[in-house]
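Structural overview
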Amino acid sequence: PEDVPAMLDPVADGTDCGIISEAGCPAVADPGADLVAVAQTRGYEVVPLVGPSSILLSLMGSGFNGQCFTFRGYLPVEAGTRAAAMKDMERQVRRNRCTQIFIETPYRNNRLVAELCRTLPGDMLLCVAADITGPTENIVTAPLSQWARATYDYAKRPAIFLLYS
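What comes next concerns the included structure. (Residues numbered from 1 in each chain as written. Predicted model: local features only at pLDDT ≥ 70, side-chain atom pairs only at ≥ 80, totals over all residues. Heavy atoms only, no water.)

Remarks on the overall build of the protein chain
What counts here: Strands here are runs of E lasting at least two residues and helices are runs of H or I lasting at least four, both read from the DSSP assignment and numbered beginning at the N terminus. In this scheme, a residue with accessible area under 20% of its type's maximum is buried, one over 50% is exposed, and one in between is partly exposed, where area comes from a 1.4 Å probe on protein chains only. We call two residues in contact whenever any of their non-hydrogen atoms come within 4.5 Å of each other. Only the protein chains shown count as cover for residues, with accessible areas throughout obtained via the Shrake-Rupley method and a probe of 1.4 Å. By the counting scheme adopted, Arg and Lys are positive, Glu and Asp are negative, and His together with the chain ends is not counted. A charge is said to be at NZ when it belongs to Lys, at CZ for Arg, at CG for Asp and at CD for Glu.
What the protein chain contains, in helices and strands, is seven helices and five strands. Helices and strands appear in the protein chain in the N-to-C order α-α-α-α-β-α-β-α-β-β-α-β. Each principal axis of the C-alpha atoms in the protein chain carries an extent, and together these give about 60 × 35 × 30 Å. Counting all 165 residues of the protein chain, 36% fall into the buried class. Sequence-distant contacts in the protein chain: of pairs separated by 6 or more residues, those separated by 24 or more amount to 70%. Only carbon and sulfur atoms are counted for the fraction: they give 56% of the accessible area of the protein chain, which is about 9,300 Å². Considering the protein chain, the positive charge centre built from 14 side chains and the negative charge centre built from 18 side chains are found 15 Å apart.

Quick look at the structure:
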């Protein structure tokens, strides 16, 4: 964080600067928000450009409600808090018909799917959207009861997770 302000020094000299990301959207669950915040405080013009956003692309490919959704970022790591967050997502889906979108560190993806299957009812729908915009892109939506019996390997693959009912 202490290095961020210096990254904007060229802008003070009149040089344009940009933040890019491969299948993310800079500053939305992707690095960049700190740099934009400093640019805003300095009064620099900030122009967001549309590019691939794995979050929105996964929502588009899931078949879930795109009129009401919540991006929750990373779920808590601690088991009890994590289970509570999962139950809260279930309540939000059931009460508000609002798609819940979240991410995980790629090496924990398989464990996350298994935890969702153990924690939530089998009729909840889970979409896993992996490697969005990449050559091995894969978007699968199924009830948790099917995920519990499925063979999958999302280890070390960037993925977006969505819940709905």
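Right, picking up where we left off after that structure.
Looking at the packing of aromatic side chains
We count it as follows: Each pair of aromatic rings taken from Phe, Tyr and Trp, with Trp reduced to its six-membered ring, is defined by centres within 6.5 Å and is described as stacked if the planes are under 30 degrees apart, edge-to-face if over 60, and tilted in the remaining cases.
Across all of its chains, the model carries five aromatic pairs by this definition. For the pair Phe 102 and Phe 161, a centre-to-centre distance of 5.9 Å together with 20° between the ring planes defines the contact as stacked. Of this pair, Phe 102 sits in strand E2 (residues 99–103) while Phe 161 sits in strand E5 (residues 159–164), placing them 59 residues apart in sequence. A single burial state applies to Phe 102 and to Phe 161, both of which are buried.

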